[in-house]
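Residue-level structure breakdown
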Protein chains: 2
Amino acid sequence: MTQRSQRGRRRGHGRPTLDDVARTAGVSAITVSRALRTPEKVARETREVVASAIAKVGYIPNLVAGNLASIKTRTIAAIVPTLEHSIFTEMLQGMVDVLRDEGFELILGSSGFDIREEESLIKTFLARQAEGIVLTGSFHTDEAQQLLARLDWPVVETWSLLGTPSVGSVGFSNYDAAYEMVKHLAERGYREIAFVSAVTEANDRAAERLRGVRRALADLGLPERAERIRTSEFSLRAGGESMHAIRAACPETDAIFFAADTLAAGAILEAKKCGISVPDEIAIAGFDDLEIATVIDPPMTTVRVPRRDLGRVAARLLIEATEHGFGGGVQRDLGFELVVRGST
Amino acid sequence: MTQRSQRGRRRGHGRPTLDDVARTAGVSAITVSRALRTPEKVARETREVVASAIAKVGYIPNLVAGNLASIKTRTIAAIVPTLEHSIFTEMLQGMVDVLRDEGFELILGSSGFDIREEESLIKTFLARQAEGIVLTGSFHTDEAQQLLARLDWPVVETWSLLGTPSVGSVGFSNYDAAYEMVKHLAERGYREIAFVSAVTEANDRAAERLRGVRRALADLGLPERAERIRTSEFSLRAGGESMHAIRAACPETDAIFFAADTLAAGAILEAKKCGISVPDEIAIAGFDDLEIATVIDPPMTTVRVPRRDLGRVAARLLIEATEHGFGGGVQRDLGFELVVRGST
DNA sequence: CGACTTAATGTTAGCGCTAGCACAAAGCAT
DNA sequence: ATGCTTTGTGCTAGCGCTAACATTAAGTCG
């Protein structure tokens, strides 16, 4: 028999442990554990003794230890490109709502639209034993792709339906949405259509929207001019600037489709400031259906996307996958809605 | 001698462990651990052998186990009222920037402006062994206060300087900011001033702003009328509605100070839509200095708050506290700036 | 060249919890 | 009474990692 624990606890937090509770309640540690996690398996009387012991010593469970022992962390990770664009934070809010109801926590990463940073975050979250992860889009580094492919780890991609992540994709067709908008503009009689995109590099949503615009222009026999296809950062100011740049380069332009409401709203505000009439002189369309689209004058034609639901559905799929396994990879097309208002 | 491990691993992930790496590298587990965490203590040659073994077996560290063994999680928690208001997400972005540089991760909670939910989140984050927490404001439930008081756990409060959290407060004086804005309006000659606040219940920022407005009105000898002190939810639409409601109740009102730019912007947009001239018929002031304040017409007078820095400083304080201890509780007044533009 | 540091690696004993069984006591049919 | 389930509780052995100490092989110095 080895001689041990001669001098009590050598390391540790100093916070009370399960054993402390067990000792003051006069039961074993496992009983306390059960009283907390599966109370129906503990006699009412014992439960009460344990409860008062917990209160007495001020016990707070150590989930890190519990996670290690049970190989479950009840943690889901999410990586978004930025926290400064409300479409992503609203999606996160949807996720958090569902996760919290189901007793899961969110660990959050923001990649800054950089897939290498995304890869690094993925590795961190793997190391932290997140039980699943929500990614934005389906463009990732090769290494990340390979890692995810060989790992049997629940992954959901959002905002896009192009990838084949282990659990599924939750999104809508960015291509179709952009196509529909151009079709709408054409039906309204606009022929000289410009498109202002987000940066498309490593961003499949933006790339798909651009593809949709191009295809629609071609199908409808409308002219596509390079000077009218621009990329821009996301800000109100940049929206106004893009409008001016396009009008300077191609004065005959009669409609501009922006890949984000923020840009489109900036353009409408700037147009009004400069006495340019919307939609008579120039039509403006956006993408997202943020609140500003409804209160701006004229109200903005845009594409409504179910950002809250994107988060909710992604979270549910992932929880389902952690609890009942997964395979194949479902595709949840949550659709979009063309909302026609006064700006076109 | 006890007979054990007759049939190998009984539970576990199936992912390779430190031991697997150690075995293929022909060294002990602790050497692999050191090669990863303190490479300078391992001979170059060994380091290389270990590195290739890691690559060979595809090892990903299990931080949950590491955290338990080292009693360190390198995790910081943050609780914000909502993710749907960019001032908070920008603060979080500031936090994430600093945390990631220092090798910390963020666990995020959103309380929905409900301090009971906040309390529940605090307990969860304690249980998850977060090394510190960033809270919004200094209103918490009694139980949360007591828990935090007796726990010797690093806590930083943001957006307010009123509390005495264990590590410190990072914010500015909401009272002074509101006071200054009213003073500015008075100097501009406005005398019939209205104030639209966020809900003040359990929200010390809103309560302080209201107090500042009241005090300023009193000090400056301006009339305070109950019909002109309103609370409102946060939205563009609600801003416009508040403006109408105030003008209906008190037609002589010549200036409205909104506790958020979103509200003020909604009011300006609505005013333009209705042909109400800003600032001639009614002056509008906001709070936050969001981008829209600069591009709207007229540009908006508002209070600039250092939201990104709030997050950065809070994160740094907390990291410092986890590494070198803490005591007392510092107060970092990051200040605010009255930005006067055309709307007043 | 023996005592003494330094560098590199290994051994042991947990961190605080839970899975999997073992076991006692009680209920229930036969 | 016998066997057989059910209920409540406890014991043992880890989960995968790291702190603390132990050990060995090289330098280092007067």
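Model, not experiment: these values are computed from the prediction. (Residues numbered from 1 in each chain as written. Chains lettered and ligands numbered in written order. Predicted model: local features only at pLDDT ≥ 70, side-chain atom pairs only at ≥ 80, totals over all residues. Heavy atoms only, no water.)

**Side note on the relation of the copies chain A and chain B**
Copies of the same chain, two in number, are related to each other by a rotation about an axis and a translation along it. After a rotation of 180° and a shift along the axis of 0.0 Å, chain A superposes on chain B with an RMSD of 0.0 Å. These values place the two chain copies in the arrangement generated by a two-fold rotation axis. Proximity to the rotation axis, assessed at the C-alpha, singles out Ile107(A) in chain A; its C-alpha lies 2.5 Å from the axis. (Least-squares fit on C-alpha atoms with pLDDT ≥ 70 in both.)

**Quick word on the domain arrangement of chain A**
Looking at chain A, the domain boundaries give domain 1 (18-61), domain 2 (70-172 + 308-336) and domain 3 (174-304). Placing a centre on the C-alpha atoms of domain 1 of chain A and another on those of domain 3 of chain A gives a separation of 62 Å. (Domains from an automatic or database assignment.)

**With respect to the side chain of Glu208(A)**
All names here are of chain A. Tracing the backbone through its elements, the reader meets Glu208 in helix H9 (residues 204-219). Take Glu208: its relative accessible area is 13%, and that puts it in the buried class. Beyond its immediate stretch of four places on either side in the chain, Glu208 contacts Leu162, Asn174 and Tyr175. (Helix = DSSP H or I, 4+ residues; strand = E, 2+ residues; numbered from the N terminus. Buried < 20%, exposed > 50% of the residue type's maximum accessible area, 1.4 Å probe, protein only. Contact = heavy atoms within 4.5 Å.)

**So, helix H2 (residues 29-37) of chain A**
Turning to H2(A), its buried residues number three or more, namely Thr31(A), Val32(A), Ser33(A) and Ala35(A). Buried residues in H2(A) make contact with helix H1 (18-25) and helix H3 (44-57) of chain A.

**Things to note about the protein's contact with DNA strand C**
Every one of the 31 residues lining DNA strand C counts as a neighbour, but Leu18(A), Ser33(A), Tyr59(A), Thr31(B) and Thr46(B) are closest to it. At a separation of 2.3 Å, a phosphate oxygen of DNA strand C approaches a polar side-chain atom of Tyr59(A). Where the surface near DNA strand C is concerned, the elements lending two or more residues are H2 and helix H4 (63-70) of chain A together with helix H2 (29-37) and helix H4 (63-70) of chain B. If one sorts the elements of the surface near DNA strand C by residue count, H4(A) sits on top with four residues. (Near = heavy atom within 4 Å. Polar contact = N/O pair within 3.5 Å; in protein donor to acceptor, adjacent residues only side chain to side chain.)

**Thoughts on the side chain of Thr89(A)**
Looking at the secondary structure, you find Thr89(A) in helix H5 (residues 86-101). Judged by its relative accessible area of 2%, Thr89(A) is buried. Ignoring any residue separated from it by four or fewer positions in sequence, one finds Thr89(A) in contact with Leu83(A), Leu83(B) and Thr89(B).

**As for the sheet that holds strand S6 (residues 193-197) of chain B**
Residues and elements named next belong to chain B. The four strands are arranged S7-S6-S8-S9 in an open sheet whose pairing can be described as parallel. Each having just a single partner strand, strand S7 (229-231) and strand S9 (283-285) make up the two edges of the open sheet. Direction aside, the axes of adjacent strands within the sheet are offset by 15° on average. Where S6 and S7 come together, three bridges link them in parallel fashion. Across the sheet, the residue bridging to Phe195 is Ile229, located in S7. The sheet contacts of helix H9 (residues 204-219) involve S6, S7 and strand S8 (255-258), and relative to S6 the element is tilted by about 170°. (Pairing = 2+ DSSP bridges. Axes fitted to C-alpha atoms, helices over the stretch in contact; angles between N-to-C directions.)

**Focus: the interface of chain A and chain B**
At the junction of the two partners, chain A supplies 58 residues and chain B supplies 58 residues. In total, about 5200 Å² of surface goes out of reach between chain A and chain B, with carbon and sulfur atoms giving 56% of it. When the buried surface of chain A facing chain B is broken down by residue, Val64(A), Arg100(A) and Arg128(A) rank first, second and third, together holding 12% of it. Linking chain A with chain B are six salt bridges, by the criterion used here. Applying the counting rule to chain A against chain B returns 32 residue pairs in polar contact (both at pLDDT 80 or more). Secondary structure elements with two or more residues in the side of chain A that touches chain B: H4, H5, strand S2 (105-110), helix H6 (115-127), helix H7 (142-151), helix H10 (236-249), helix H11 (261-273) and helix H12 (291-295) of chain A. Considering every element that reaches the side of chain A that touches chain B, the biggest residue donor is H6(A), with eight residues. Looking at side-chain class alone, the side of chain A that touches chain B contains 26 nonpolar, 16 polar and 16 charged residues. (Buried area = accessible area lost by both parts, 1.4 Å probe. Salt bridge = Lys/Arg side-chain N within 4 Å of Asp/Glu carboxyl O. Nonpolar A, V, L, I, M, F, W, Y, C, P; charged D, E, K, R; others polar.)

**Some details on the state of the cysteines**
Taken as a whole, this structure holds zero disulfides over all chains when the rule is applied. No disulfide involves Cys250(A); its nearest neighbouring cysteine sulfur is the one of Cys274(A), lying 18 Å away. (Disulfide = S-S within 2.5 Å.)

**A short note on the protein's contact with DNA strand D**
Lining the immediate environment of DNA strand D, one finds 31 residues, of which Thr31(A), Thr46(A), Leu18(B), Ser33(B) and Tyr59(B) sit closest. Sugar plus phosphate: this is where 68% of the atoms of DNA strand D within 4 Å of the protein reside. Here a base nitrogen of DNA strand D and a side-chain polar atom of Arg34(A) are 2.7 Å apart. Residue Ala43(A) places a main-chain N or O atom 3.0 Å away from a phosphate oxygen belonging to DNA strand D. For the surface near DNA strand D, the elements supplying multiple residues, two or more each, are H2 and H4 of chain A together with H2 and H4 of chain B. By residue number, the principal contributor to the surface near DNA strand D is H4(B), which donates four residues. Its residues assigned to classes, the surface near DNA strand D comprises 13 nonpolar, eleven polar and seven charged.

**Side note on the environment of Ser242(A)**
Residue and element names in this part refer to chain A. Tracing the backbone through its elements, the reader meets Ser242 in helix H10. Along the primary structure Ser242 and Ser110 are separated by 132 residues, whereas in three dimensions their C-alpha atoms are 27 Å apart. Excluding residues within four positions of it along the chain, Ser242 makes contact with Val196, Arg230, Ser232 and Phe258.

**Notes on the sheet that holds strand S9 (residues 283-285) of chain A**
Residue and element names in this part refer to chain A. The four strands are arranged S7-S6-S8-S9 in an open sheet whose pairing can be described as parallel. Two strands close off the open sheet at either side, each with one partner strand: strand S7 (229-231) and S9. Neighbour-to-neighbour, the strand axes of the sheet open up by a mean angle of 15°, direction not taken into account. Pairing between strand S8 (residues 255-258) and S9: three bridges, direction parallel. Along S9, the bridge assignment pairs Ala255 with Ala283. Its contacts with the sheet put H9 on strand S6 (193-197), S7 and S8, and the angle it makes with S6 is roughly 170°.

**Notes on the pairing of S6(B)**
Residue and element names in this part refer to chain B. With five of its five residues buried, S6 lies for the most part within the structure. Across four bridges, the pairing between S6 and S8 is parallel. Paired with Ile193 across the two strands is Ala255, which belongs to S8. As a crossover connection, the stretch from S6 through H9 into S7 is right-handed. (Right-handed = clockwise from strand over helix to strand, strands pointing away.)

**Focus: the pattern of salt bridges**
Inspection of the entire model under this criterion finds 48 salt bridges over all chains. Between Lys272(B) and Asp297(B) there is a salt bridge, with the nearest N and O atoms lying 2.9 Å from each other. Residue Lys272(B) is found in helix H11 (residues 261-273), and its partner Asp297(B) is found in the loop between helix H12 (292-295) and strand S10 (302-304); the two are separated by 25 residues along the sequence. What you see here is one network of salt bridges that share partners, running through Glu192(A), Arg225(A), Glu227(A), Arg228(A) and Glu252(A).

**Description of the environment of Pro154(B)**
Relative to the helices and strands, Pro154(B) resides in the loop between helix H7 (142-149) and strand S4 (155-158). Discounting residues that sit within four places of it in the chain, Pro154(B) has contacts with Glu131(B), Gly132(B), Ile133(B), Ser166(B), Val167(B), Leu318(B), Ala321(B), Thr322(B) and Phe326(B).

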